[in-house]
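Report on the structure
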Amino acid sequence: MLKIKNDLWEKIRDGDSSAFEELYDGFAGAMFSLSLEILGDRWEAEEVIQDIFSVLWKKPEAYSPKKGKFTSWLLVLTRNRSIDRYRSRKRRLDRGETDEILQSRPDQSDKDGAEKATVSDEREHLNRAFSNLPPEQRKVLELSYFKGMNQQSIAEFLDISLGTVKSRTRLGIEKLRNSLSNLRI
Amino acid sequence: METIKQKALDYALGVLPKEDSLLFEALLEENDEARLSLAEAQEDCAKIALSTKPKTLGNEVKQRILEYSQPNLNFDPFLASDPIQSLRNNFLPASARYQGGGGGIPLTDITNAKLQDEINQLYEDLITLSPLVAGNSNAAAGDMTLLKSTLKSMPSFTESVDNLLSRPIDEDKIGVGAQSIHRTLLSSMPSLGFFSDRLNGDSHSMGDVRRLFYLCRDQLKIMRASFDDIDPIRLIEDEKLRLHSAGLLQTKWWGAEHAYFSSQGKVRCGHFFDGPVTERCVEFAEYDANMYCLANLLSPRSSNGEFHLELVKDAVPNCILAIATAETSQAKHGELDQIINGITSPDSSLKNDLVLWNLIEESMTRAHHHTSVADLRSESLFGCHRLENSSYLWFAWPAIENSQDGAVA
């Protein structure tokens, strides 16, 4: 599922539609899962994925190998666009805007019927590694990565010092890296 | 952890203050260690990303996305055609840009109390339905139980539209009142009825839930713009200045299935520009209704079940052109030509189609601050044209000057 050939971006840049499809088959699910985790809204998450694939086809030069690994870049883009939407929605709600959809959002944290899909070994491993982080480190990473909160806001939210936020972030990342050192993503 | 590594991680997490971000980006240009650190941080973040529980995308999403890699339709011949050339030569923007509004009446002005009640009930049913098809609903997660039981407890939207259309609407109140009712019943409502019926049956997909979500949202806004007392609190929000981007229309229409009563069609897009189309929800609702009218006119007449919707900016200065095109037979094009260029007493088969076009014409008089439909037609601000085997319908909407990119709906 996560095995993306290194030359896929070059092929897409050259207009190869089968490479575009190969990327979708291999990686759209991971991008969608991330976006849905952040947004909690299936249609918005689909829109994020649709937008990114549109950009990738129309302006493939938005990526360059200088920007790091292609798949890592795609996930950064997915995360950032999802966070932007999440913040925009939050701003609207904070302003008290009435919207028949926004007002009636039930919590849908764990209801995706599609979760029945087989979890690949690698993703199961990743999920376990993240779940096994000490709760205080996992919380800081969740707030930072999935909710897009800056470190000062996290410090205020959890009532801890900025330095503690930084150290928990660093330690969490290091632990995650160590426990996943054998994985190729 | 060294400072560069910490900065790279903060940058990858998006938590670096703006000024520090700019400094780090400058460092990336010249410092290998910074680049390596960023690559490493991005991979660490990718691991967090991939720790999320896997969710699957429906096949219809794949179909939509792969359409990006298909060749776009060539619009150059149409944009070089005589009517568009004429529009280019004649169009002058109004001094004050239209921002929507003025196309509605109070629902209480409708003298037929039963009709008034039925429209109110339609709105309330849609308010009930909307959260059940939202992206965070059970239905969007694959559990249709609540959606289906709710749909079964409501009257069929298709039947409601048929019943309402069978009333002597024109006698109720001529002019704006009739337009408000027609806009409510004939723009997005037929498609909404089709998809809700399908979801109420056994053969449906996740794509139908998504389509119904957009249709409910659009229909509610169209109804608020048509009847300004139906939901005054939400109308206040609709009237606030808020840019709406072409991307909202593209996302909704791209690769969508469209239905106009029993006729179904597949929508293709390709040339949507980036940037705002309208400045307020009430304006967007009117624009949306016009787009649905174009789709409803063309979709049943397509020879191959497909039609294209496009939004083109700058082909005519100060204008955004909404274009709908499909391959049509000469006979079907003849019908469109009749509807758009002159028929005044249509037989019953074309009556609703004439209403659809009249809705666009009336909207154009507001958008261009003009009272004469004939003048607007002669300036090619809207029309119908045939090129080879295809019919083209269009309307020109005043562009937003010095606009930033559009925001969310």
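None of these values were measured; they are calculated from a predicted model.

**Here we look at the overall build of chain A**
- In terms of regular secondary structure, chain A is built from 8 helices and 0 strands.
- Listing each helix as α and each strand as β along chain A from the N terminus yields α-α-α-α-α-α-α-α.
- Counting every position in chain A, which comprises 185 residues, the buried fraction comes to 37%.
- Long-range contacts, defined as pairs at least 24 residues apart, comprise 63% of the intrachain contacts of chain A with a sequence gap of at least 6.

**As for the overall build of chain B**
- The helix and strand tally for chain B stands at 19 helices and 8 strands.
- Taken over the C-alpha trace, chain B has a radius of gyration of 24 Å; the compact-globule value for 409 residues is 22 Å, and the two agree within 12%.
- Taking the principal axes of its C-alpha atoms as reference, chain B extends roughly 80 × 55 × 40 Å.
- Here chain B holds 409 residues, and the buried ones make up 50% of them.
- Taking all contacts inside chain B whose residues are at least 6 apart in sequence as the whole, residues at least 24 apart take part in 75%.

**Focus: the domain arrangement of chain B**
- For chain B, the assigned domains are domain 1 (3-49) and domain 2 (64-398).
- The straight-line distance from the C-alpha centre of domain 1 of chain B to that of domain 2 of chain B is 46 Å.

**Quick notes on the pairing of strand β6 (residues 319-327) of chain B**
All names here are of chain B.
- The element β6 is extensively covered by neighbouring structure, given that 8 of its 9 residues are classed as buried.
- As judged from the 6 bridges shared by strand β5 (residues 306-313) and β6, these two strands associate in the antiparallel manner. The residue bridging Glu310 from the neighbouring strand is Ile323, located in β6.
- The turn joining β5 and β6, which pair antiparallel and follow one another in sequence, is formed by 5 residues; a positive phi near 75° is taken by Asp314.
- Sheet topology note: the β6/strand β8 (residues 390-398) ladder contains 9 bridges and is antiparallel. The residue bridging Glu327 from the neighbouring strand is Ser390, located in β8.

**Here's the deal with helix α13 (residues 206-226) of chain B**
- Here α13(B) is 21 residues long and its end C-alpha atoms lie 30 Å apart, about the 30 Å a rise of 1.5 Å per residue gives.
- Summarising burial for α13(B): 20 of the 21 residues are buried, a large majority.

**Structural notes on the sheet that holds strand β7 (residues 382-387) of chain B**
Residue and element names in this part refer to chain B.
- If you walk across this open sheet you meet the 6 strands as β2-β3-β5-β6-β8-β7, and the pairing is mixed. Each edge of the open sheet is held by one strand with a lone partner, namely β2 (257-260) and β7. Neighbour-to-neighbour, the strand axes of this sheet turn through a mean angle of 30°, independent of strand direction.
- Sheet topology places β2 next to strand β3 (residues 263-268); 4 bridges connect them, and they run antiparallel. The residue of β3 that forms the bridge with Glu257 is Lys266.
- Against the sheet, helix α16 (residues 281-298) engages β2, β5, β6 and β8, with an angle of about 20° to β6.

**Things to note about the interface of chain B and chain A**
- Contacts between the two partners involve 52 residues from chain B, matched on the other side by 67 residues from chain A.
- Listed by contribution, the elements that provide at least two residues to the side of chain B that touches chain A are α1 (3-13), α3 (32-49), α4 (59-66), α7 (113-133), α13 and α14 (232-238) of chain B.
- Examining the composition of the side of chain B that touches chain A, we find that 10 residues originate from one element, α3(B), more than from any other.
- Of the residues in the side of chain B that touches chain A, the class split is 27 nonpolar, 13 polar and 12 charged.

**Focus: the packing of helix α4 (residues 70-94) of chain A against α3(B)**
- Remark: α4(A) packs on α3(B), axes separated minimally by 9 Å, with the N-to-C direction vectors making an angle of 65°. Here the hand of the crossing between α4(A) and α3(B) comes out left-handed. In this structure, α4(A) contributes Thr71(A), Ser72(A), Trp73(A), Leu75(A), Val76(A) and Arg79(A) to the contact, and α3(B) contributes Gln42(B), Glu43(B), Cys45(B), Ala46(B) and Ala49(B).
- Within the contact of α4(A) with α3(B), the residues separate by chemical class into 6 nonpolar, 3 polar and 2 charged.

**Notes on unusual backbone geometry**
Residue and element names in this part refer to chain B.
- Phi angles above zero are rare outside glycine, and Phe261 is one such case at about 55°.
- On the basis of neighbour count, Phe261 is assigned to the partly exposed category, with 16 C-beta atoms found within 10 Å.
- You will see that His369, though not glycine, has its phi angle at about 50°, which is positive.
- Tracing the backbone through its elements, the reader meets His369 in the loop between α18 (348-367) and α19 (373-378).

**Remarks on the confidence of the model for chain B**
Residue and element names in this part refer to chain B.
- Model confidence for chain B is summarised by a mean pLDDT of 90, while 94% of its residues fall at 70 or above.
- Counting contacts from residues 405-409, a segment whose pLDDT is below 50, to residues more than four positions away or on other chains yields 20 contacts.
- Two summary scores accompany this predicted model of the complex, namely pTM at 0.87 and ipTM at 0.88.

**Looking at the packing of helix α2 (residues 17-39) of chain A against helix α3 (residues 42-58) of chain A**
All names here are of chain A.
- For the pair α2 and α3, the least separation of the axes is 9 Å and the interaxial angle reads 140°. Classified by the interaxial angle, the pair formed by α2 and α3 is oblique. As for how α2 packs across α3, the hand of that crossing is right-handed. Between α2, through Phe20, Tyr24, Ala28, Met31, Phe32, Ser35, Leu36 and Leu39, and α3, the contact on the second element is made entirely by Arg42, Glu44, Ala45, Val48, Ile49, Ile52, Phe53 and Trp57.

**Comments concerning α16(B)**
- In this model, α16(B) (18 residues) spans 25 Å end to end at C-alpha, consistent with the 26 Å of a helix rising 1.5 Å per residue.
- Most of α16(B) is tucked away: 18 of the 18 residues are buried.

**Some remarks on the nonpolar core**
- Ranked by size, the top nonpolar core spans 100 residues in total, and within it Val133(B), Leu321(B), Ala322(B) and Ala396(B) carry the most contacts.
- The element that contributes the greatest number of residues to this core is α16(B), accounting for 13 residues.
- Beyond its immediate sequence surroundings of up to four residues, Ala396(B) is in contact with Leu87(B), Phe91(B), Val316(B), Cys319(B), Leu321(B), Leu381(B) and Phe382(B).
- Residues Leu133(A), Val140(A), Ala46(B) and Val61(B) belong to the second largest nonpolar core, which totals 56 residues.

What counts and what doesn't
Residues numbered from 1 in each chain as written. Chains lettered and ligands numbered in written order. Predicted model: local features only at pLDDT ≥ 70, side-chain atom pairs only at ≥ 80, totals over all residues. Helix = DSSP H or I, 4+ residues; strand = E, 2+ residues; numbered from the N terminus. Buried ≥ 20, exposed ≤ 12 C-beta atoms within 10 Å, placed from the backbone. Contact = placed C-beta atoms within 7 Å. Rg over C-alpha atoms; globule rule 2.2 N^0.38 Å. Domains from an automatic or database assignment. Pairing = 2+ DSSP bridges. Expected span 1.5 Å × (residues − 1). Axes fitted to C-alpha atoms, helices over the stretch in contact; angles between N-to-C directions. Nonpolar A, V, L, I, M, F, W, Y, C, P; charged D, E, K, R; others polar. Left-handed = near helix turned anticlockwise from the far one by under 90°. pLDDT = per-residue confidence, 0-100. Parallel < 35°, antiparallel > 145°, perpendicular 65-115°, else oblique. Core = buried A, V, L, I, M, F, W, Y, C linked by C-beta atoms within 7 Å.

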